[in-house]
Every structure is written in C-alpha cells, then in structure tokens.
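# Remarks on the overall topology
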Amino acid sequence: MPKTLFDKIWDAHVVETLPDGTALLYIDLHLTHEVTTPQAFDGLRAAGRGIRRPEATLGVIDHNIATDASRYTGIVDPESALQVATLERNAVEFGMPLIPLLDERQGIVHVIGPELGRSLPGMTIVCGDSHTSTHGAMGALAFGIGTSEVEHVLATQTLLQRPAKNMRVQVDGNLAFGCSGKDIVLAVIGKIGTAGGTGHVIEYAGDAIRALDMAGRMTVCNMTIEGGARAGMVAPDQTTFDYIARTPGAPKGANWESALAWWRTLPSDEGAIFDKIVTLAANEIAPQVTWGTSPEDVLPITGIVPNPEDAPNETRRAQLQRMVEYMGLQPGQRLQDLPVDVVFIGSCTNSRIEDIRAAAAIAKGRHVADGVRAMVVPGSGLVKLQAEREGLDSILREAGFEWREPGCSMCLGMNPDKLKPGQRSASTSNRNFEGRQGPGGRTHLLSPAMAAAAALAGHLADVRDYQPKEALS
Amino acid sequence: MRAFTTLTAIAAPLPLANVDTDKIIPARFLKSISRAGFGKHLFANARFNEDGSENPDFVLNKEPYRKAKILIAFENFGCGSSREHAPWALLDFGIRCVIAPDFADIFNNNCFKNGVLPVRLPREVCEQLIEDAQLGGNARITVDLERQVVIRPNGEEHHFPVDTLRKHLMLNGLDDIGQTMQHAARIDDYEAKQKASQPWLVQA
C-alpha cells in the first residue's frame with residue numbers, strides 16, 4: 001500500500017503496538033531546555049532512574065536568558081538563574097550533553113538542532129516545546145511534548161503515542177515579490193483555523209514549498225502547531241541534502257551514502273492517501289499580518305480591521321469584540337496605519353541567517369523611524385557570527401536596529417525582553433495571544449522583511465513599497 | 001499520579017474558545033523548578049489586576065466557583081505552548097476535570113499524565129452544562145470515568161469517549177514509565193537493529 005512520509009517514519013519507529021492500538025514509538029533525538037525539564041529530572045531522581053541514551057539527548061539554554069551583555073556577568077533574575085543552574089546541574093548528574101551558555105553554538109533549541117546537523121531526515125525528534133514541529137522541515141517527524149513525556153523519553157527513549165491522521169497542505173505556483181515562508185504559513189492558518197490540523201500531521205507539498213530554502217521550510221513547519229497539528233513536515237530533497245552536507249553533524253563517508261539512500265525513499269508514495277487535503281495558490285498570497293489575538297486572525301497587509309458586527313454568530317462577535325478592544329483597534333481601520341512601538345526580529349520562527357539577510361536587505365541605507373525600538377536577535381551564536389562575517393550587523397546597527405545576543409527573547413515574555421502594557425509590536429515570532437510578549441502587550445505577527453519595513457515606517461507597512469535600495473554586498 | 005474515578009463538584013463556566021496555555025499560565029510564572037504552587041498564578045492575567053488585586057469579574061474570583069473542581073469551556077482548549085505547567089496550575093488550584101468540545105493535542109496528553117481528566121462533549125452539551133454551572137452553588141455536576149458519563153444536575157447523562165489505555169492508567173493512578181519499562185527487552189532489540197541498519201544515528 002502506498003505510504004505517506006509520516007507513515008514511513010512512524011512505521012520505522014514502532015517498537016511495539018499495544019492491544020488498544022497505542023504505539024510505543026522510538027525517539028532518535030531528544031532536545032531539552034531549562035524550562036520544561038527540572039520536574040522531569042526530579043522524577044527520574046525520585047524513582048532512581050537515569051537517561052537511557054544520553055548521546056541521543058542534547059540540552060541548551062534559551063528561554064530565560066537576557067539578550068544583552070548582562071549574560072556575560074551572570075543572570076540577574078534569581079528565579080531564571082536557578083532554573084539555568086538546575087539544568088547545568090542535572091546535565092552533570094545525569095550525563096546529558098549540554099551546550100554551555102557562553103558557547104558559540106548556544107542558541108534557540110529549534111535553530112541549533114538543524115544547524116548542527118543533529119536533526120536529520122527520517123528521524124523522530126521530540127522536545128518539551130510545542131515548536132519542535134520546526135525540525136519537520138528536515139523530513140523528520142518532530143513534535144512537542146509535556147514534561148511527563150520528557151521524563152518518559154529520558155528514562156525509556158520511547159513515547160506512548162496514538163497514530164495521527166495524514167493531512168497535506170499543497171501550495172502551488174510561485175510566491176509573489178515580498179512574500180516568504182512566513183506569509184505562506186500565516187495564510188495557511190488563516191485558511192484552516194487554529195484547530196484545523198488537530199489530530200493530524202501536516203505534510204507541505206507543491207512548487208512553492210519546494211522552492212523555499214531550508215530556513216523558509218523551518219518557518220512553515222514551526223508555525224504548524226498554531227494550526228493545531230502537532231507536526232509539520234516537508235519531504236527531503238536536494239535542497240535538504242545540500243543543507244545537511246554543510247553541517248558539522250552530517251554523516252561521513254560510507255554513512256553519508258547509506259543515509260542518503262534511505263532518505264531518498266522517504267517522500268510520500270504516488271497514490272498515498274491523505275485524510276484531509278488543503279490547497280493554496282502561492283501567487284494569491286500577499287504579505288500577511290495578524291490583527292487579532294489568535295494566529296488565525298490574519299489578513300493581507302492591505303486589509304482593514306474587521307467589524308465584530310459582521311460576525312456570523314454571537315460567539316464569534318463577542319470574540320472579535322474582545323480582540324478589537326484588547327488590541328486597541330477601530331473596525332474599518334487600515335492595518336497599514338497602525339503605529340508600532342517595538343519591532344522584534346527573532347524567535348525560533350524567524351531568526352536564521354536567511355531571515356536576518358531579508359531584514360538587512362530592506363534596512364540597508366534607510367533608518368528606523370523616531371520613537372520605534374527595533375531589535376534583531378539572532379537565533380544562535382553561529383547565526384550571529386555568520387551575520388557579522390557578512391556585515392549584516394553593521395547594516396542593521398547603522399539603520400538604528402539593536403543587534404543582540406541569541407535567545408528566545410521577546411517571543412514569550414519570560415526573560416527581560418518584554419512589551420510594556422499597551423505597547424504595539426511588529427514581531428516575527430509565532431504567537432499573538434493576549435499577554436504573550438508581556439502583560440497588556442499587543443502583537444502583530446509578520447515576516448522579517450515586513451518587520452523591517454514596519455520599523456522604517458513607524459507603522460505596519462507593505463514591504464512591497466520598500467524594495468531594497470542597494471544590494472547587500 | 002492521583003487516580004481519577006468519580007467526581008461530583010461545583011463547575012466553573014468559562015464560555016470561551018481557544019483558551020491558550022499562555023492564558024492558563026503566563027510564561028513569566030514558568031521559572032519554578034517544582035510542580036507545586038502554580039495554582040496561585042492560574043489564569044493570572046485575567047484573574048488579577050495590574051496592582052495584584054483580584055479582578056472581581058473573573059469567574060474563579062466569584063462564589064461558589066472559588067471551590068470549583070470542574071471547568072467548562074469551548075473549542076480548542078489548551079492550544080499553544082506545550083507547557084505542562086498548565087495542567088499543574090489547574091490541579092494545584094483544585095480543578096480535576098475540564099469539559100470542552102475539543103482539546104489541543106499536547107494539552108490533552110499532559111492532562112492524562114497528571115490526573116486531570118479532559119472530557120470531550122459536543123458544543124450543545126457544553127452550552128447546557130455552562131447554563132447548569134451558572135446556577136451557582138447548588139448545581140453539582142458529576143463525572144464518572146468508569147462509566148464514561150457526565151451527569152447534569154437534572155440527572156441527564158452524556159457519554160464521552162476516552163482511550164482504553166488512558167482510562168486504565170487514570171482509574172488506577174498508574175505511572176506510565178513503569179508500564180513502558182516492562183517492554184525494555186523490545187526496546188533493546190529495536191536499538192540493536194537500528195544500530196546495524198542506520199549507523200549514522202549513533203555516530204555522535
């Protein structure tokens with residue numbers, strides 16, 4: 001029977017099927033960070049258990065840390081400091097490899113996995129973090145888990161899982177000027193809704209997906225969780241293999257040849273059955289921006305704030321009313337007229353070198369508007385070094401952007417980078433929930449190029465009006 | 001994990017869809033390294049004003065819902081971040097059961113690992129239960145996991161679905177790591193086979 005990419009990876013990892021259909025699924029790579037692990041290690045300790053395969057486990061510190069120079073002098077917040085110290089202590093006690101905070105490889109867990117060549121096609125990858133779906137861009141089955149499941153994987157290298165359904169999101173044609181992977185995934189979520197993928201694993205297909213570089217595919221898979229699906233995937237192809245070949249973790253010699261032979265068998269077979277198929281035309285996607293407090297409340301930048309009175313039912317009307325009030329908007333207002341206080345370019349969604357190049361291309365030779373705080377937070381130490389080698393940091397600094405140290409930063413309001421109540425941000429992150437970037441903060445999600453354009457304009461802006469003035473180099 | 005069998009309790013109505021885990025417990029409260037004590041931050045942004053005082057309009061700040069053990073909401077409850085702190089906060093506050101038309105996958109898993117029962121019932125039933133809950137202190141709702149029914153104050157019963165294995169673990173308060181350890185020999189075999197067929201996975 002023809003199989004999907006998901007079916008193939010799933011079948012290759014089932015250790016045992018239990019009588020009720022639950023599978024004991026083998027996990028090839030377990031990534032960990034400081035926030036969702038302390039209670040899991042406590043559980044291991046209490047039960048006298050250890051880590052089954054430390055070499056298949058990798059820790060990194062990303063959520064809690066400051067992205068300014070203060071990281072070099074010690075973490076100021078005592079609770080953050082304790083959580084980081086706890087991960088460091090657990091790594092030593094349980095023999096888990098951990099990238100040290102001041103190592104050049106330190107970064108956001110979903111940036112470093114692919115970048116170090118640890119996330120490979122055909123793997124099962126988990127992490128106590130919903131955005132683990134990012135690694136699906138490599139052609140892996142990757143999903144987020146809770147802390148109890150983190151403990152389960154540490155102890156057994158397996159998870160108890162029910163099989164998911166297959167869903168294909170097909171994006172055909174060519175993406176228009178000014179659009180990126182971020183615009184694709186926002187348009188997809190706008191179409192299917194935040195629960196549209198619940199119970200499914202999404203495979204992205206079509207020319208527009210094939211044409212994306214690995215960073216673009218990671219952005220798409222990253223936000224798949226915002227569409228309710230636990231995992232997003234892209235079948236591995238030459239773009240994937242060329243990317244892996246440049247990473248330090250790429251299989252070597254004969255292993256490379258045998259890995260490649262297996263990876264080439266992974267794409268979904270002709271005639272494989274999907275439970276749900278959604279199709280989008282890439283050329284109809286305009287630069288996207290969210291206006292509300294759920295990622296599904298997204299519009300083209302040329303759009304206007306919806307009127308709650310036009311809602312199809314009372315529940316939706318009340319929801320829209322609440323959003324309009326929280327976001328400080330007027331129905332009918334043009335999105336392009338909304339002034340921004342803060343611009344954040346970063347997060348596991350959009351902090352890779354390609355994202356920083358996209359922002360720098362728009363910013364070069366221009367300047368951030370008065371009164372706007374614009375920050376660029378590279379996803380890892382390696383991304384930061386690469387950007388500096390290319391002179392992108394100078395371009396951005398000269399344009400008035402802050403150039404910061406790697407970490408999760410303003411994506412989630414648990415480190416010093418936060419919005420103040422009432423502040424409006426243009427953010428390349430993944431969630432616009434109430435209070436996500438700080439209590440009372442108002443978030444508009446968009447692409448790195450769109451964020452750069454907003455920083456220059458001082459309000460949400462159409463990146464198509466901001467063609468690069470001069471080539472990057 | 002605490003076993004869950006039958007619960008008869010006050011239910012708090014929260015007639016909202018897409019209640020995300022940032023709403024259940026904002027990230028700034030995730031810095032604790034223990035599982036306990038998150039209840040005081042449950043729904044912090046809605047439950048408390050900026051100065052730390054209680055928001056009297058929020059359901060869990062009203063009588064009798066301060067003592068609620070059941071929460072009733074609408075679609076896609078628990079979406080967003082995978083943080084298990086969300087069920088920990090619910091449990092620490094005293095909530096043992098959430099009833100909604102559907103749940104986000106990771107949150108659903110996390111609940112079962114902690115003895116918080118997520119009950120899926122159709123939207124119309126959730127709307128009825130919310131009306132029941134709004135009657136106040138005398139209205140008790142019963143959740144019977146063995147029989148897989150929710151019983152309204154008027155005695156009407158509604159059947160809900162639940163996986164066999166999860167039901168078994170929950171009814172008996174079992175730790176699933178212990179269950180999985182019984183398959184250790186099969187995991188050993190799997191690893192030996194994988195090492196031979198995919199040596200690049202173990203080269204690190």
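Look up a bit, the structure's there.
Residues numbered from 1 in each chain as written. Chains lettered and ligands numbered in written order. Predicted model: local features only at pLDDT ≥ 70, side-chain atom pairs only at ≥ 80, totals over all residues. Heavy atoms only, no water.

Glancing now at the pattern of salt bridges. When the charged atoms of two side chains with opposite charge come close together, those side chains can pair. Overall, the coordinates contain 43 salt bridges over all chains when judged by the stated rule. Two residues, Arg404(A) and Glu402(A), come together in a salt bridge whose shortest N-O distance is 2.6 Å. Under the relative-accessibility criterion, Arg404(A) is labelled buried at 11%. The network of salt bridges with shared partners includes Asp20(A), Arg162(A), Asp163(B) and Arg166(B). (Salt bridge = Lys/Arg side-chain N within 4 Å of Asp/Glu carboxyl O. Buried < 20%, exposed > 50% of the residue type's maximum accessible area, 1.4 Å probe, protein only.)

Turning next to the sheet that holds strand E1 (residues 6-9) of chain B. All names here are of chain B. Strand order across the open sheet formed by four strands is E1-E6-E7-E8, with antiparallel pairing between neighbours. Single-partner strands in this sheet number two, and they are E1 and strand E8 (157-159). For this sheet, the mean inter-axis angle between neighbouring strands, taken without regard to orientation, is 15 degrees. As paired strands, strand E6 (residues 141-144) and strand E7 (residues 149-151) are joined by three bridges and run antiparallel to one another. Within the sheet, the bridge partner assigned to Val143 lies in E7 and is Val150. (Pairing = 2+ DSSP bridges. Helix = DSSP H or I, 4+ residues; strand = E, 2+ residues; numbered from the N terminus. Axes fitted to C-alpha atoms, helices over the stretch in contact; angles between N-to-C directions.)

All names here are of chain A. Here four strands make up an open sheet; going across it, the order is E4-E3-E5-E6 and the pairing parallel. Each end of this open sheet is capped by a strand with a single partner; those strands are strand E4 (57-59) and strand E6 (141-144). Taken pair by pair, the neighbouring strands of this sheet meet at an average axis angle of 15 degrees, ignoring direction. Alignment of strand E3 (residues 29-32) against strand E5 (residues 124-127), held across three bridges, turns out to be parallel. What sits directly across from Leu31, in E5, is Cys127.

A word on the pairing of strand E7 (residues 158-161) of chain A. Moving residue by residue along a regular strand, the side chains alternate between the two faces of the sheet. Residues and elements named next belong to chain A. Alternating positions in E7 separate into two faces, Thr158 and Leu160 on one and Leu159 and Gln161 on the other, with burial throughout. Bridge count for strand E2 (residues 23-26) against E7 is four bridges, and the pairing is antiparallel. Looking at the pairing, Leu25 lines up with Leu159 of E7.

This next bit is on the interface of chain A and chain B. Contact with chain A, which involves 77 residues of that partner, is made by 55 residues of chain B. Where chain A abuts chain B, roughly 5,400 Å² becomes buried across the two surfaces, and 54% of that area is made up of carbon and sulfur atoms. In terms of surface lost to chain B, no three residues of chain A exceed Gln39(A), Arg49(A) and Arg52(A), which account for 11% of the buried area on that side. Put simply, chain A and chain B have eight salt bridges between them. We note a salt bridge from Asp188(B) to Arg52(A), for which the minimum N-O separation is 2.6 Å. (Contact = heavy atoms within 4.5 Å. Buried area = accessible area lost by both parts, 1.4 Å probe.)

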